[in-house]
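A structural walkthrough
Listed here are the chains, written in short residue letters.
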Amino acid sequence: MVYDSYSVGQYLVDRLHELGVRHLFSVPGPYCAEWLHHYVEQSGSIRRIGHTNALNAGYAADGYARTSGVGAVCVPHSVGAYSLLNAVAGSFVERVPVIVINGAPPAEGADGCRGRRRPLAGARDANRRVYADVTCAAERIAEPERAPQQIDRVLRACLRARRPVFLEPTADVYDRPCPPPDGPLPVRTDRPTADRDGLLTDIAERLHAVESAVLWGGVELQRYDLSDEFEALVQALDVPYVTSLPGKGLLPEDHDHFAGVLDPSGTPPAVRAMVADAEYVLGLGVGPSHASPPDVVLERGAATLVHRDGVRAVPSPDAQPAAESPAPDPPVRLRDLLSRLWTNVAGGLPSFGGAATAAQTRAAADDARPAPSTSPDADITYQGFYDLVAEYVEPDTLVMNGVGLDRFGGATLPVRGPSGFICQAAYGDVGYVAPAAIGAGLGTEAERVLVLVGDGGFQMTASCVGTMAEKGLDPIIFVLNNGVYGSEQRRTDTAAYEHEEAFFPQSLLQHWHYRKLPDAMGGKGWRVESYGQLRSAVEEARKYTGGPLLIDVRLRQRSLPALTPHLEVSERPVDYAVEPALPTSS
């Protein structure tokens, strides 16, 4: 029962609501069902969104966090926690603030919890220990007198680091009395910079010494809501800018200074050449990395890559290598750095001609990209699909793109609204994008969500369509159906694409009648095999609301997106955490 006095369960609900959580994604079960029923559902301030499995709930919480600021998910102890782990690992890699609530068994001998299941795997604290590696804070909440301080400490860590956290309340602590919050949660999301004047001076000197420069806007600028500050700096410097795939859509891509997207798996040659030829590249909000993509090389200048946890200096190719410093990078206050660059540095610099350079680069990239015919009767190719769908991306559209072969098509898709693109490009879970659209759709103000997912990825988490129907969500889901795990086949052997040899048996997918799924679950579906049919289906789907719309897009099986790299590039391992790094030429 819920006590008349204020309790730990209510404290947690109130703090979540204060952080902007209006939807909580869950699967009820041992040690959390009571909190969901007595506190979340009866709060009136947070809506519980039930899911068919814990993994989909985690993906949805991640999508919600990307569009609304913070996500929250609650799943059963042990079996639910282990199922959820993969989704949280993705959130950790991609710097997405997700709050995991995982109820735990009470202390030995506690009353009121008889007959409950004990942990099925590992020791009593096994869940918390497993999550310690994929969260920035993980605590067990067992003592009501300490609970408010513990909850606040974990939530502050989540907001500061923009990474997942793990709260494990014991089943007997929810109803225990505790004092209510004594004020708003105090959070300082920016870390103090140890040598901010030195970093600012170094960047200013480099900008003053060059005639060509490029800004690289990283995904951390989105996570810390710094898009406006970045846009102001771009305008003040009059410099071309690029993003990488995780940060695509940082600003609307019809911006005069936008030159293109860097992606270690497929950068347009014109964009790669512009970056390589620049005398100076300044990366802001570019996450730390330990590997270098093979297709982005500095041929003339140097680079400074700034992220929340430090700075990486990349010397010019003709510079003497600097001695390795044993000291760790000092933390950086990104908001302060952007503001000081704008107010103290940009005004004293000549124009870098950013709009003209960006326009030339975009034009060259467009001219070099093959433009397949999209005549009404023609078969649909991978790139032709993206070229046609681009016509339906509007300023109030949120595009959610998969990470198989579809990632290469997504890089070419124009984003016309701020933060209008989501792709789990760093972690690369092909099953992520469809269930993540549930959370993103609830958190976004976009008029319509478009989900572009390969058939292999969709098969992994297809039950999310039923949740979309139950909650009245109406994304348009394009299942890119070529009947094969295309990205895996390409990594293993490209002969199937280059010489029309047989696909490996393990790359072939079971055939599904995708268009019938929404009919069974509460939506509407289409199957299309030509561009004329595709256009008609999209036009019809745009008229519907209140349930998921699914279009089974039958692709020419051996077609590839235009930016798909050759095998000798893709087979080299790329581990770039959140952003690719810039190597110098050897």
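All of the points below concern the structure found in this document. (Residues numbered from 1 in each chain as written. Predicted model: local features only at pLDDT ≥ 70, side-chain atom pairs only at ≥ 80, totals over all residues. Heavy atoms only, no water.)

Brief notes about the environment of Arg 95
Residue position: Arg 95 is located in the loop between α4 (79-93) and β4 (98-101). Judged by relative accessible area, which is 1%, Arg 95 ranks as buried. Along the backbone, Arg 95 and Pro 164 are 69 residues apart, and their C-alpha atoms lie at a distance of 7.8 Å. (Helix = DSSP H or I, 4+ residues; strand = E, 2+ residues; numbered from the N terminus. Buried < 20%, exposed > 50% of the residue type's maximum accessible area, 1.4 Å probe, protein only.)

Description of the side chain of Asp 429
Following the sequence through the fold, Asp 429 ends up in the loop between β14 (421-423) and α15 (433-443). It turns out Asp 429 is buried and unbridged, and the closest side chain with the opposite charge, Arg 66, is 10.0 Å from it. Side chain to side chain, Asp 429 and Asn 86 meet in a polar contact 2.7 Å long. What Asp 429 contacts, discounting residues up to four positions off in sequence, is Tyr 59, Asn 86, Val 403 and Gln 424. (Lys, Arg positive; Asp, Glu negative; His and termini not counted. Salt bridge = Lys/Arg side-chain N within 4 Å of Asp/Glu carboxyl O. Polar contact = N/O pair within 3.5 Å; in protein donor to acceptor, adjacent residues only side chain to side chain. Contact = heavy atoms within 4.5 Å.)

Things to note about the sheet that holds strand β3 (residues 71-74)
Strand pairing in a sheet takes place through backbone hydrogen bonds and is either antiparallel or parallel in direction. If you walk across this open sheet you meet the six strands as β2-β1-β3-β4-β6-β5, and the pairing is parallel. Because the sheet does not close on itself, it has two edges, and the strands there are β2 (47-50) and β5 (138-141). The average undirected angle you get between the axes of adjacent strands in this sheet is 25°. Inspection of the sheet shows β4 paired to strand β6 (residues 165-169) by three bridges, in the parallel sense. Residue Ile 101 lies in a different strand from β6, and its bridge partner there is Leu 167. (Pairing = 2+ DSSP bridges. Axes fitted to C-alpha atoms, helices over the stretch in contact; angles between N-to-C directions.)

Describing the packing of aromatic side chains
Throughout the structure, instances matching the rule amount to 13 aromatic pairs. Aromatic side chains Tyr 59 and Tyr 432 sit 5.7 Å apart centroid to centroid with 85° between the ring planes, which places their arrangement in the edge-to-face category. Here Tyr 432 lies in the loop between β14 and α15 and Tyr 59 lies in helix α3 (residues 54-68), a separation of 373 residues in the sequence. Classification of Tyr 59 by relative accessible area gives buried; the value is 2%. Judged by its relative accessible area of 2%, Tyr 432 is buried. When the ring of Phe 385 is compared with that of Phe 478, the centres are 5.4 Å apart and the planes differ by 65°; the resulting orientation is edge-to-face. Of this pair, Phe 385 sits in helix α13 (residues 382-389) while Phe 478 sits in strand β16 (residues 476-481), and the two are 93 residues apart along the sequence. Of the aromatic side chains, those joined through ring pairs into one cluster are Phe 230, Tyr 241 and Phe 258. Sitting over the ring of Phe 92, Arg 163 keeps its end group 4.4 Å from the ring centre. (Phe/Tyr/Trp six-rings, centres within 6.5 Å; stacked < 30°, edge-to-face > 60°. Lys NZ or Arg CZ within 6 Å of the ring centre and 35° of its normal.)

Thoughts on the nonpolar core
Among the nonpolar cores identified, the biggest contains 76 residues, and Leu 215, Leu 284, Phe 385, Phe 478, Leu 534, Ile 551 and Val 553 are the most heavily contacted of them. Beyond its immediate stretch of four places on either side in the chain, Leu 534 contacts Ile 380, Phe 385, Leu 388, Phe 478, Val 528, Ile 551 and Val 553. Listed in part, the 46 residues of the second largest apolar core include Ala 54, Phe 166, Val 449 and Tyr 514. (Core = buried A, V, L, I, M, F, W, Y, C linked by side-chain atoms within 4.5 Å.)

Examining the pattern of salt bridges
By the definition in use, this model includes 27 salt bridges. Across the salt bridge formed by Arg 66 and Glu 94, the nearest N and O atoms sit 3.1 Å from each other. Note that Arg 66 is positioned in helix α3 and Glu 94 in the loop between α4 and β4, a separation of 28 residues in sequence. For the pair shown, Arg 66 and Glu 94 are each scored as buried. Between Arg 140 and Glu 168 there is a salt bridge; the shortest N-O distance is 3.3 Å. Placement of the pair is Arg 140 in strand β5 and Glu 168 in strand β6, with a sequence separation of 28 residues. Arg 140 sits in the partly exposed class, given a relative accessible area of 22%. Each of Arg 95, Glu 220, Arg 308 and Asp 309 takes part in salt bridges that share partners, so that together they form one network.

Observations regarding the packing of α3 against α15
With their axes 6 Å apart at the nearest point, α3 and α15 run at an angle of 35° to one another. In the packing of α3 onto α15, the handedness of the crossing is right-handed. Packed against α3, whose contacting residues are Asn 56, Tyr 59, Ala 60, Gly 63, Tyr 64, Thr 67 and Ser 68, the element α15 presents Pro 435, Ala 436, Ile 438, Gly 439, Ala 440, Leu 442 and Gly 443 at the interface. The residue makeup of the contact of α3 with α15, split by class, is eight nonpolar, six polar and no charged. (Left-handed = near helix turned anticlockwise from the far one by under 90°. Nonpolar A, V, L, I, M, F, W, Y, C, P; charged D, E, K, R; others polar.)

Some points on the state of the cysteines
Scanning the model with the defined rule gives zero disulfides in all. Between Cys 136, a free cysteine, and Cys 158, which holds the nearest cysteine sulfur, the sulfur-to-sulfur gap is 6.1 Å. (Disulfide = S-S within 2.5 Å.)

Description of the pairing of β5
What you see with β5 is a clean split: Glu 139 and Ile 141 sit on the buried side and Ala 138 and Arg 140 on the side with no burial. Of the pairings in the sheet, the one linking β5 to β6 comprises four bridges and is parallel in character. Each residue of the ladder has a partner; that of Ile 141, found in β6, is Pro 169. Traced from β5 through helix α6 (residues 147-161) to β6, the parallel crossover comes out right-handed. (Right-handed = clockwise from strand over helix to strand, strands pointing away.)

What about helix α21 (residues 531-541)?
Residues of α21 that are buried: Tyr 531, Leu 534, Ala 537, Val 538 and Ala 541. Across the axial projection of α21, the buried residues extend over an arc of 125°, all falling on one side. If you follow the buried residues of α21, they end up packed against α13, β15 (448-454), β16, β17 (524-528) and β18 (549-554). (Arc of directions from axis to C-beta.)

Some points on the pairing of β6
Side-chain positions along a regular strand alternate between the two faces of the sheet. Among the five residues in β6, five count as buried, and that is most of the element. Burial of the side chains of β6 extends over both faces: Val 165, Leu 167 and Pro 169 are buried on one face and Phe 166 and Glu 168 on the other.

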